[in-house]
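Survey of secondary and tertiary structure
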Amino acid sequence: MNDLRQIALEILAQTDAQFKVNHLLKLFKNFQQQKIHLDSATKIDSENFVLPRRPAKPELVSKRRMDTLSGVWRVFCTHLLTLNLMR
């Protein structure tokens with residue numbers, strides 16, 4: 001199967017971000033080398049795919065507790081910003 005849209009859908013259906021990046025770069029390279037073709041008339045089979053809405057566990061967001069120094073600092077800064085915006 002050498003349809004660009006079908007392969008892109010298969011990559012999009014994956015949940016691992018690094019997998020998506022690596023395979024997207026390969027897909028782009030293959031498309032530039034004309035190993036993969038874009039055919040808008042081809043029907044895409046998306047019934048077997050469950051597209052992820054969000055990652056299982058966001059890696060960049062950490063839990064912030066209020067009973068730590070960084071949590072207290074965040075609350076303090078938020079209150080300072082709020083007070084300055086109200087002026």
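The structure reproduced in this document is the subject of the present report. Each chain has its residues counted from 1, running along the sequence as written. Residue-level local features of this predicted model are given only where pLDDT is at least 70; pairs of side-chain atoms are given and counted only at 80 or more, and the full residue set underlies all totals for whole chains, interfaces and linings. Values reported for side chains reflect all heavy atoms of the structure, with hydrogen atoms and water molecules removed beforehand.

**So, the packing of helix α1 (residues 4-12) against helix α2 (residues 17-32)**
Two quantities define a packed helix pair, namely the angle between the helix axes and the distance between the axes. Contact geometry of α1 with α2 gives a least axis separation of 10 Å together with a crossing angle of 170°. One element, α1, and the other, α2, form an angle in the roughly antiparallel class. Touching L4, I7, A8, I11 and L12 of α1 are K20, H23, L24, L27 and F31, all from α2. Each residue gets one label: Ala, Val, Leu, Ile, Met, Phe, Trp, Tyr, Cys and Pro are nonpolar, Asp, Glu, Lys and Arg are charged, and the others, such as Gly, are polar. Of the residues contributing to the contact of α1 with α2, the split by class is eight nonpolar, one polar and one charged. All axes here are fitted lines through C-alpha atoms, helices being fitted over the stretch that makes contact, and every angle between N-to-C directions spans 0 to 180 degrees. Under the DSSP-based scheme used, a helix requires at least four consecutive residues in state H or I and a strand at least two consecutive residues in state E, with every element numbered from the N terminus. Any angle from 65 to 115 degrees is called roughly perpendicular, while one under 35 is roughly parallel, one over 145 is roughly antiparallel, and all others are oblique. Any two residues having at least one pair of non-hydrogen atoms within 4.5 Å are treated as being in contact.

**Section: the nonpolar core**
Counting residues in hydrophobic clusters, the biggest one holds five residues: L4, I7, I11, L27 and I36. Here this core gets three residues from one element, more than from any other, and that element is α1. Those residues within four positions of L4 in sequence are excluded, and the remaining contacts are L27, F31, I36, H37 and L38. We call a set of buried residues a nonpolar core when its members are Ala, Val, Leu, Ile, Met, Phe, Trp, Tyr or Cys and they connect through side-chain atoms within 4.5 Å of each other. Under the scheme applied here, a residue whose accessible area is under 20% of the maximum for its type counts as buried, over 50% as exposed, and between as partly exposed, the area being computed with a 1.4 Å probe on protein chains only.

**Here's the deal with unusual backbone geometry**
Positive phi, close to 60°, is recorded for Q34, a residue that is not glycine. Mapped onto the elements of the fold, Q34 is located in the loop between α2 and α3 (69-86). Looking at Q34, the relative accessible area reads 60%, which means it is exposed.

**Let's talk about the environment of N30**
Summarising the element assignment, N30 is placed in helix α2. Considered as a pair, N30 and L4 are 26 residues apart in the sequence and their alpha carbons are 9.5 Å apart.

**Thoughts on α2**
Turn by turn, an α-helix covers 3.6 residues, leaving residues three or four places apart pointing in a common direction. Helix span is expected to be 1.5 Å times the residue number reduced by one. The terminal C-alpha atoms of α2 lie 23 Å apart, and with 16 residues this matches the ideal 22 Å at 1.5 Å per residue to within 8%. Just past α2, the residue Q34 takes up positive phi, approximately 60°.

**Concerning the side chain of D3**
Positionally, D3 belongs in the segment before α1. By the counting scheme adopted, Arg and Lys are positive, Glu and Asp are negative, and His together with the chain ends is not counted. Here, a salt bridge means any Lys or Arg side-chain nitrogen found within 4 Å of an Asp or Glu carboxyl oxygen. In this structure, D3 is buried with no salt-bridge partner, the nearest side chain bearing the opposite charge being R5 at 4.2 Å. In this view, D3 contacts I36, H37, L38, D39, T42 and I44; residues no more than four positions away in its chain are not counted.

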